[in-house]
4 protein chains.
Amino acid sequence: MKPFRLASREYRKEDSIVIIPATEESVSIGEGYCTIIAGPCAVENADQYIDLACTLKSVGVHILRGGLFKPRTSPYSFKGLGIEGLEIMEEAKKKTGLPIITEIMDIRELDFMYNTVDILQIGSRNMQNFSLLEEIGKVDKPILLKRGLSATIEEWLLAAEYVLNGGNTNLILCERGIRTFEPYTRNTVDIGAIPLIKELSHLPIIVDPSHATGKWKMVGPVSRAAIAAGADGIMVEVHPEPDRALSDGKQSLTPENYKKLYSETIALAKLGNKKLK
Amino acid sequence: MKPFRLASREYRKEDSIVIIPATEESVSIGEGYCTIIAGPCAVENADQYIDLACTLKSVGVHILRGGLFKPRTSPYSFKGLGIEGLEIMEEAKKKTGLPIITEIMDIRELDFMYNTVDILQIGSRNMQNFSLLEEIGKVDKPILLKRGLSATIEEWLLAAEYVLNGGNTNLILCERGIRTFEPYTRNTVDIGAIPLIKELSHLPIIVDPSHATGKWKMVGPVSRAAIAAGADGIMVEVHPEPDRALSDGKQSLTPENYKKLYSETIALAKLGNKKLK
Amino acid sequence: MKPFRLASREYRKEDSIVIIPATEESVSIGEGYCTIIAGPCAVENADQYIDLACTLKSVGVHILRGGLFKPRTSPYSFKGLGIEGLEIMEEAKKKTGLPIITEIMDIRELDFMYNTVDILQIGSRNMQNFSLLEEIGKVDKPILLKRGLSATIEEWLLAAEYVLNGGNTNLILCERGIRTFEPYTRNTVDIGAIPLIKELSHLPIIVDPSHATGKWKMVGPVSRAAIAAGADGIMVEVHPEPDRALSDGKQSLTPENYKKLYSETIALAKLGNKKLK
Amino acid sequence: MKPFRLASREYRKEDSIVIIPATEESVSIGEGYCTIIAGPCAVENADQYIDLACTLKSVGVHILRGGLFKPRTSPYSFKGLGIEGLEIMEEAKKKTGLPIITEIMDIRELDFMYNTVDILQIGSRNMQNFSLLEEIGKVDKPILLKRGLSATIEEWLLAAEYVLNGGNTNLILCERGIRTFEPYTRNTVDIGAIPLIKELSHLPIIVDPSHATGKWKMVGPVSRAAIAAGADGIMVEVHPEPDRALSDGKQSLTPENYKKLYSETIALAKLGNKKLK
């Protein structure tokens, strides 16, 4: 018997579709859809973020991402704008009509995020922060649960089980690369995780090729691979000036490069009979 | 330049010694000492824990361990007795005069742990729970920081940096095995981490051979290796009846096996000119 | 400076195309082409192999694979038919007009392989058998060099360098999964290796999803991912009765499942403007 | 049932002791003994090697090591002196009366090694070169089989099984570090492999801390750990001038540092009731 229950395909045969409400048009994430989440690693300032959001909207993005509280390996790195950044994201949301996603690192941040944020992200480093998972399981908001840096598929689905067991079934999984011995790339995308999750679970799964590879040139090919393997979407980092980004510039696409990725992704989605919203 | 500062050997040339106050006799952890922490994975009931504590005291243990809130991979596993268990540990502490250590998973647990617990443990899964690290950095209690399952030495020292940067310098590192491809053992003890940490940092380092190997027969040899390599102590799981343990029975020593380990460890400590308290 | 020279993109800007001569029509492997190599893990008997070869020819395979000398982890496992199997492959080659590939484990096998085999494969376990690489570098036959189980991209390209340095430039790389901590799959396909090799080197790269995943259900999705990421082809295991295969049955496709894979692969190849021969 | 037979503890309950004949006094390797093998990574020139051999003899080495054919990752690195170097080793053997060990990469090297070399080493990269293992299984010479870079304990014992199955039972295992994600050290010593091998098999096991760590400062602590964990010996690199070594200088001890290591190792061996020859 598998150790996970609510997350298993046996528990629920049909694919789960998570609906993200939005002012203009809601977004569906799950089997049969191809969803693109894009934005900078961190929200850095109002003008830049809102401009980028409008550009992204015009070139076909479904959900806006932006980091407010960044889990940085060093205590001395830029950790995000926090609450101030949330106001910027709210403004971008109003201007574009697109839903927004940001990472929650501590349940105490929920109070001020709740009314504005559309998807709460649990980052890799917190995938087994069981205290946070239990709290988030009680919230009525869609959750995106990133795979831990060296989590097995089973541990990942058991982390999902914590959220589902709390009552929150609006859950999306996100493969973001695992840690291996290979030094050329930041992490190694486990492309096989996509068909495996589809076999073992009913939950939607998307891929984050930016964090997984750490190199913007690889984001295109790995995104295409993800969609071709059956992923329900991708989450990519886009920055107007990657060289000046306060974090993760090396893995960020320019809006121009994003356009190319978008058209390639759409072509693959069509080949796989996936809808865009 | 190394990315960690306060944790570095450059910042502080002499070895840090962490003093754990105790009713009878305080315990010193750091270079020149050999400290043994022992106890069951989880506190299961009062009689069993207090009996075991008294036995351990009589066969030479310096600090008592016991889990109250267990970070379990599955939401359906036994998660510990919580507050109720703390009262049991407090009773054991009174009877034996030994200091106690337990894991803190959420800063909200600090309130009731503060007066009783002598060392707060940050578990592997929370090594990069930066929110918790920042809070714990403000607390005036010794901290034991376990290495993450796949954390590099640098990431581990940067997690330590979070705690030190908050002002709490009573910090002990604990190597507990890293995740590799090898399926025979639960994890692979990184024995080289001991001389590396001693070279890069002034912080004390101990080893947990129980979690690292997952097999009680390996606890003895790996403990000896740790002390021979220069570790400042070990933390081992002991259970009166390992076969009936609610968690981690396979890696627990019986009190009888512990005695053998103790005498071997003491012999090695003497050979390395290490004091016992 | 990169440690590899002849394998580098700097040494040769244009993509290398390896031409495999064949009685009917030669096969080109490299950028702009999509090549499919298929067949059973090991040649088991004449009727079965020749029947399968004819079936594969009819459903669109470009090169036939078949193991004669199998590098088995245990000395007690089936090790292949050896020379006897070669005669069977030769017969299949005559009947179908397709070129054949098989693994060479020892340079002493070259004598009887030379006249019949069209591509010599160096297996993962021999990727750093430098003695064999040096010998194979002197041979005027196309070589397929599989990535070692835990070889970095750099080590792999340096193994290629051994072959190129010997004078043999008809070299194809094959990603076949790397060893990680994940137990669900046999290995983890490093999908990022495809764009990385394309950036660093001029050599063709194909993917073996059968060995990489160890599960036939994953072969389709991972093959699609490989082609979408830019691989120049795939090598898959097909067996008429996977349940009765003497080796690797669990990862083998039936001819029926192969047909589905073929049409999906072809559709993706067209989308990526790749020719089929 | 375990997949290995002849290598298993079930097949042979008592510990195997491998006797290395020598002009002066034979050397026993196995449970109850502590054997030290030392020498430079590669034999570089006659004067240097013979001088070093005499020094090592005077400070307590049991077996001399020296590389003749080096398996180098790059084809452009120094690959050893080959046959010429063997004459130098032979001279050192005569002068010191110590047995010698060197790596065999290709069975064709056996002819000229056979009369001089006392232990043939199979390197990590050839641990699954089954062709070589089968040949070496027929030879009546002691074999030292290094663990592959990412070989599991089971795969290692199955490689040993190839040698034993050929009839050669004079087999010694050598743990030399496995590949993990940690970048600070070259490899990660799997210290737990020592008690595991002792439990699963009757074969002797030694540890190579030089290749395993890649840093000479770690060689001492890791050697001590190995002996304390129950290893039957160590194999270390010593070079008169590490900074000028043609290979592996960073991990080589000076003869002066070796002396310190020797006395520490001897003290631990005595504590563990191990004889020195």
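What counts, and where the lines are drawn
Residues numbered from 1 in each chain as written. Chains lettered and ligands numbered in written order. Predicted model: local features only at pLDDT ≥ 70, side-chain atom pairs only at ≥ 80, totals over all residues. Heavy atoms only, no water. Buried < 20%, exposed > 50% of the residue type's maximum accessible area, 1.4 Å probe, protein only. Helix = DSSP H or I, 4+ residues; strand = E, 2+ residues; numbered from the N terminus. Contact = heavy atoms within 4.5 Å. Least-squares fit on C-alpha atoms with pLDDT ≥ 70 in both. Patch = residues over 30% accessible without salt bridge, like charges linked within 9 Å, V, L, I, M, F, W, Y side chains within 5 Å. Areas by Shrake-Rupley, 256 points an atom, 1.4 Å probe, with all protein chains shown as cover. Salt bridge = Lys/Arg side-chain N within 4 Å of Asp/Glu carboxyl O. Lys, Arg positive; Asp, Glu negative; His and termini not counted. Charge placed at Lys NZ, Arg CZ, Asp CG, Glu CD. Expected span 1.5 Å × (residues − 1). Buried area = accessible area lost by both parts, 1.4 Å probe. Polar contact = N/O pair within 3.5 Å; in protein donor to acceptor, adjacent residues only side chain to side chain. Core = buried A, V, L, I, M, F, W, Y, C linked by side-chain atoms within 4.5 Å. Pairing = 2+ DSSP bridges. Right-handed = clockwise from strand over helix to strand, strands pointing away.

- Identification of chain A as 2-keto-3-deoxy-D-arabino-heptulosonate-7-phosphate synthase I beta from Candidatus Syntrophocurvum alkaliphilum is taken from an unreviewed UniProt entry.

## Comments concerning helix α6 (residues 193-200) of chain A
Part 1: Of all eight residues in α6(A), seven are buried; the element is thus mostly enclosed.
Part 2: Among the residues of α6(A), those classed as buried are A:A193, A:I194, A:P195, A:L196, A:I197, A:K198 and A:L200.
Part 3: On its buried side, α6(A) packs onto α5 (153-165), β8 (171-175), β9 (205-207) and α8 (216-229) of chain A together with α8 (216-229) of chain C.

## Here's the deal with the relation of the copies chain C and chain A
Part 1: The two copies are related by a screw motion: chain C maps onto chain A through a turn of 180 degrees and a shift of 0.0 Å along the axis, at an RMSD of 0.0 Å. Expressed as a symmetry operation, the mapping of one chain copy onto the other fits a two-fold axis. Ranked by how close their C-alpha atoms come to the rotation axis, the residues of chain C are headed by C:A225, at 2.0 Å.

## Describing a negative patch on the surface
All names here are of chain A.
Part 1: A cluster of acidic residues, E84, E87, E90 and E91, forms a negative patch at the surface.
Part 2: Within the element layout of this structure, E91 appears in helix α2 (residues 83-96).
Part 3: On the basis of relative accessibility, which here comes to 34%, the residue E91 falls in the partly exposed class.

## Notes on the environment of C:P195
Part 1: Residue position: C:P195 is located in helix α6 (residues 193-200).
Part 2: Judged by relative accessible area, which is 11%, C:P195 ranks as buried.
Part 3: Sequence separation between C:P195 and C:I205 is 10 residues; the distance between their C-alpha atoms is 9.6 Å.
Part 4: With sequence-adjacent residues up to four places away left out, C:P195 is seen in contact with A:M218, A:P221 and C:A229.

## Notes on helix α9 (residues 255-271) of chain A
Part 1: Across its 17 residues, α9(A) extends 24 Å between first and last C-alpha, which sits within 8% of the 24 Å expected from 1.5 Å per residue.
Part 2: The set of residues buried in α9(A) consists of A:P255, A:Y258, A:L261, A:E264, A:T265, A:I266, A:L268 and A:A269.

## What about the interface of chain C and chain A?
Part 1: The interface of chain C with chain A comprises 39 residues on the first partner and 38 residues on the second.
Part 2: For the pair chain C and chain A, the summed buried area comes to about 2800 Å², and 75% of that belongs to carbon and sulfur atoms.
Part 3: Linking chain C with chain A are two salt bridges.
Part 4: When the shortest N-O distance is used, the salt bridge between C:E182 and A:R147 registers 2.9 Å.
Part 5: Applying the counting rule to chain C against chain A returns six residue pairs in polar contact (both at pLDDT 80 or more).
Part 6: For the side of chain C that touches chain A, the secondary-structure elements that each account for two or more residues are α5 (153-165), α6, α8 and α9 (255-271) of chain C.
Part 7: With eight residues, α8(C) is the largest single contributor of residues to the side of chain C that touches chain A.

## Looking at the pattern of salt bridges
Part 1: Enumeration according to the criterion identifies 80 salt bridges over all chains in this entry.
Part 2: One salt bridge connects A:E31 with A:K198, and the closest N-O pair in it is separated by 2.7 Å. Of this pair, A:E31 sits in the loop between β2 (27-29) and β3 (35-39) while A:K198 sits in helix α6, placing them 167 residues apart in sequence.
Part 3: Residue classification places A:E31 among the partly exposed positions, given a relative accessible area of 34%.
Part 4: Notably, a salt bridge pairs B:D248 with B:R186, separated by 2.7 Å at the nearest N-O pair.

## Points about the nonpolar core
Among soluble globular proteins, nonpolar side chains are generally buried collectively.
Part 1: By size, the foremost hydrophobic cluster in this structure holds 160 residues, and its most contacted members are B:L145, B:Y258, D:L145 and D:Y258.
Part 2: Discounting residues that sit within four places of it in the chain, B:L145 has contacts with B:I122, B:M127, B:L133, B:W156, B:A159, B:A160, B:L171, B:I172, B:L173 and B:C174.
Part 3: The next biggest cluster of nonpolar side chains, apart from the first, holds 157 residues, and it includes A:A92, A:Y258, C:V207 and C:I234.

## A few points about the pairing of β3(A)
Residue and element names in this part refer to chain A.
Part 1: Counting buried residues in β3 gives five out of five residues, a clear majority hidden from the surface.
Part 2: Pairing analysis gives five bridges linking β3 to strand β10 (residues 233-237), with the strands arranged parallel. In the sheet register, I37 faces β10, and the bridge partner there is M235.
Part 3: Both β3 and strand β4 (residues 63-65) contribute to a ladder of two bridges, which runs parallel. Directly across from A38, in β4, lies its bridge partner L64.
Part 4: After leaving β3, the chain enters helix α1 (residues 46-58) and then returns to the sheet as β4, a path that is right-handed.

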